[in-house]
Amino acid sequence: MSSLRFTEQALSDWMRCGGSHSEIVISSRMRIARNLEHLPFPLLASAEQAEEALEQLAPVFQGEATESFGTFELLRLDELTELDKKVLVEKHLISPNLANDSRGGAVILNEDESVSIMINEEDHLRIQCLFPGLQVKEAWNRATAIDDIFEASVNYAFDDRRGYLTSCPTNVGTGLRASVMLHLPALVMTHQINRILSAVNQVGLTVRGIYGEGSEAVGNIFQISNQITLGQTENEIIENLHSVVTQIIEHERNARERLLTDSALRITDRIKRSYGIMAYAAVMELKESAQRLSDLRLGVDLGILEGPSISVLNELNVKTQPGFLQKLFGDELSATERDMYRAKLLRETLGSQH
Amino acid sequence: MLCQECGVKPATLHFTKIVSGEKTEFHICESCAREKGELIPGTAGGFSIHSLLSGLLDLEGAGKEKSAATKNVQGLHCENCGMTYSQFSKLGRFGCSSCYKYFDSTLDPLFRRVHGSTAHVGKLPKRAGAQIMCKRQIDELKHELQESIMHEEFETAAELRDRIRKLEKEMAQE
């Protein structure tokens with residue numbers, strides 16, 4: 001396996017099949033934060049100490065115990081170009097934090113890119129598992145199995161009372177951040193989204209944009225995750241997330257049906273316009289393409305459009321990101337050129353060749 | 001408590017700002033905060049999750065006159081990595097796992113605010129966790145023992161006492 005594939009293919013293999021509720025749920029993700037005993041957290045670690053953490057952790061996932069999870073490859077962040085780092089962030093394989101300011105940072109990826117293990121991020125070890133559609137339990141089962149493999153060969157910083165110790169007090173205890181990425185265009189169009197999101201906040205969950213903490217919700221994609229990591233078991237956290245997400249899916253479905261019955265003409269016009277614009281436009285900003293891809297996704301689900309497939313739409317969501325465009329069309333693109341090439345890419349994928 | 005901005009939705013974000021000893025508190029809902037932009041973690045306003053946390057930590061000393069206890073807290077430092085309490089409250093992050101031990105006296109209120117809880121009940125590491133698992137079991141049995149004594153179920157109590165003794169013996173041997 002060559003490491004090139006991680007940055008040259010837009011769509012991770014795990015994204016190719018949809019998973020359950022894929023018309024609304026894009027992906028389910030588990031992230032477990034762990035630290036090594038006796039070494040300072042990456043925030044304060046010297047270059048040698050960061051290297052030591054890497055030396056302790058990296059060999060674990062090249063042994064035999066990990067074969068059932070596929071082949072793994074380790075990428076050191078200091079050996080990647082800025083552009084490759086950007087692409088890995090856009091594919092959600094590493095965090096912006098690991099890409100931008102980690103010392104001795106590295107990531108271990110498996111073939112289908114459903115497992116990403118970050119070393120020397122905010123914590124020594126961050127195990128991330130991504131599954132398509134609504135599969136929080138499946139994702140947790142894999143993440144906890146990987147955690148067990150690490151725990152068999154390294155000593156974790158663990159405290160009887162506080163649980164797994166993490167650099168940030170918001171992760172202590174289980175170290176678990178369980179999240180689900182949802183596409184909620186009908187709730188946005190019918191202005192119900194704010195009501196639902198504030199309700200979500202009251203049950204210990206939080207809403208973020210698609211690129212994590214502080215990022216904007218573009219293209220009607222929202223990431224819902226647990227806020228609390230201490231005082232709840234992993235099962236409670238996952239059950240809670242699952243049941244809230246199931247309710248949101250139900251609301252989104254009802255809202256979509258209402259759109260079809262109450263304003264079929266308006267919604268059909270909006271979706272077909274978006275298709276038309278993407279098939280012919282010469283310049284396209286990221287925000288606009290995210291919004292219009294969201295319209296297409298909705299159109300396909302409502303049966304207003306016959307194609308493209310969800311998998312093509314997922315791929316376009318990644319390919320239209322700035323880093324990936326540069327990967328496809330050249331390193332030194334200005335913002336205007338990026339908008340031009342983004343439009344070209346959309347035109348070529350969605351039909352018209354003019 | 002309702003949001004100060006719109007007065008309609010419940011306030012879910014609570015901030016305390018201290019500028020040269022002057023304390024201002026504000027309570028707003030997520031959507032108003034989002035509209036304002038500046039208050040949401042990570043946006044251009046630079047209100048990151050860590051600075052939000054450090055706000056929480058600062059609350060300890062928010063009174064106009066700092067008590068002796070507060071001064072003691074400010075003097076705390078981690079003997080392993082050297083992080084001081086005031087650095088911790090600025091960064092909102094621990095420097096190493098020993099910080100949890102050295103700052104322990106200040107952590108319960110913080111964890112209660114962030115998580116609504118102070119103790120871990122989830123997964124245990126298999127190797128290091130065997131002892132802890134045993135201890136948790138003993139605590140649970142002791143609790144049951146108390147209850148059975150209260151209900152005058154002495155046979156059950158005797159049984160529980162034997163199980164506790166056996167577990168304690170096992171623990172001592174390990």
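All residue numbers refer to position in the chain's written sequence, counted from 1. Ligands are numbered from 1 and chains lettered from A, in the order in which they are written. In keeping with the model being predicted, local features are shown solely for residues with a pLDDT of at least 70 and side-chain atom pairs are shown and tallied solely at 80 or more, while totals for entire chains, interfaces and linings include all residues. Only hydrogens and water are set aside when side-chain values are computed; all heavy atoms of the structure are taken into account.

As recorded in an unreviewed UniProt entry, chain B goes by Protein-arginine kinase activator protein and comes from Paenibacillus auburnensis.

An unreviewed UniProt entry annotates chain A as Protein-arginine kinase originating from Paenibacillus auburnensis. UniProt positions are given in the numbering used here, feature names are shortened, and annotations may be inferred rather than shown by experiment. The UniProt entry for chain A carries the following text under Catalytic activity (unreviewed entry): "L-arginyl-[protein] + ATP = N(omega)-phospho-L-arginyl-[protein] + ADP + H(+)".

This brings us to a negative patch on the surface. Patch construction takes residues with relative accessible area above 30% that form no salt bridge. Like charges are linked within 9 Å, and nonpolar side chains (Val, Leu, Ile, Met, Phe, Trp, Tyr) are linked within 5 Å. Computed with the Shrake-Rupley method and a 1.4 Å probe, the accessible areas treat only the protein chains shown as cover for residues. Should a side-chain nitrogen of Lys or Arg be within 4 Å of a carboxyl oxygen of Asp or Glu, the pair is scored as a salt bridge. Note on charges: Lys and Arg go in the positive column, Asp and Glu in the negative column, and His and the chain ends are not counted at all. Charge coordinates come from a single atom per side chain, which is NZ of Lys, CZ of Arg, CG of Asp or CD of Glu. A cluster of acidic residues, D139(B), E140(B), E144(B) and E147(B), forms a negative patch on the protein surface. Positionally, E147(B) belongs in helix α7 (residues 126-150). Here a helix means four or more residues in a row that DSSP labels H or I, a strand means two or more in a row labelled E, and each is numbered from the N terminus.

Before going further, it helps to spend a moment on the interface of chain A and chain B. Interface extent is often summarised as the accessible area lost during association of the parts. Contacts between the two partners involve 46 residues from chain A, matched on the other side by 44 residues from chain B. Regarding the contact of chain A and chain B, the summed buried area is about 3,800 Å², with carbon and sulfur atoms giving 56% of it. Buried area counts how much accessible surface, traced with a 1.4 Å probe, disappears from two parts once they are put together, with both parts' losses summed. By the criterion of area lost to chain B, the three top residues of chain A are E151(A), R162(A) and P169(A), representing 16% of everything that side buries. Inspection of the chain A/chain B interface yields eight salt bridges. When the shortest N-O distance is used, the salt bridge between D147(A) and K123(B) registers 2.7 Å. The definition of a polar contact used here is a pair of N or O atoms within 3.5 Å, where within protein one atom must be able to donate a hydrogen and the other to accept one, and adjacent residues in sequence count solely through side-chain atom pairs. Linking chain A to chain B there are 20 residue pairs in polar contact (both at pLDDT 80 or more). For the side of chain A that touches chain B, the secondary-structure elements that each account for two or more residues are α5 (136-153), β7 (163-164) and α7 (193-202) of chain A. No other element matches the six residues that α5(A) contributes to the side of chain A that touches chain B. Note on residue categories: nonpolar means Ala, Val, Leu, Ile, Met, Phe, Trp, Tyr, Cys or Pro, charged means Asp, Glu, Lys or Arg, and polar means any other residue, Gly included. Here the side of chain A that touches chain B is composed, by residue class, of 17 nonpolar, 19 polar and 10 charged. Contacts between residues were defined by any pair of non-hydrogen atoms, one from each residue, lying within 4.5 Å.

Let us look at the UniProt feature "domain: UVR" (unreviewed entry) in chain B. Per the UniProt record, the feature "domain: UVR" (unreviewed entry) sits at residues 135-170 of chain B. Secondary structure across residues 135-170 of chain B comprises 92% helix and 0% strand; the distance between its end C-alpha atoms is 11 Å.

Now for the confidence of the model for chain B. Residues and elements named next belong to chain B. Known as pLDDT, the predictor's per-residue confidence is scaled from 0 to 100. Taken over all residues, the pLDDT of chain B has a mean of 77, while the share at 70 or more is 73%. Mean pLDDT across the elements of chain B ranges from a minimum in helix α2 (residues 49-58), with 62, to a maximum in helix α5 (residues 99-102), with 94. Long-range and interchain partners of residues 37-47, a stretch whose pLDDT sits below 50, account for 26 contacts in this model, where long-range means more than four residues apart. Ignoring residues within four places in sequence, the model shows residues 59-66, a span with pLDDT below 50, making 12 contacts including any to other chains.

This part takes up the pairing of strand β10 (residues 221-226) of chain A. Residues and elements named next belong to chain A. Here the term buried applies to any residue with accessible area under 20% of the maximum for its type, exposed to any over 50%, and partly exposed to those in between, with areas from a 1.4 Å probe on protein chains only. The buried fraction of β10 amounts to six of the six residues, a majority that puts the element mostly inside the structure. Both strand β8 (residues 176-183) and β10 contribute to a ladder of five bridges, which runs antiparallel. Residue pairing in the sheet places H183 in a bridge with I221 of β10. A pair of strands is treated as paired once DSSP finds two or more bridges between them.

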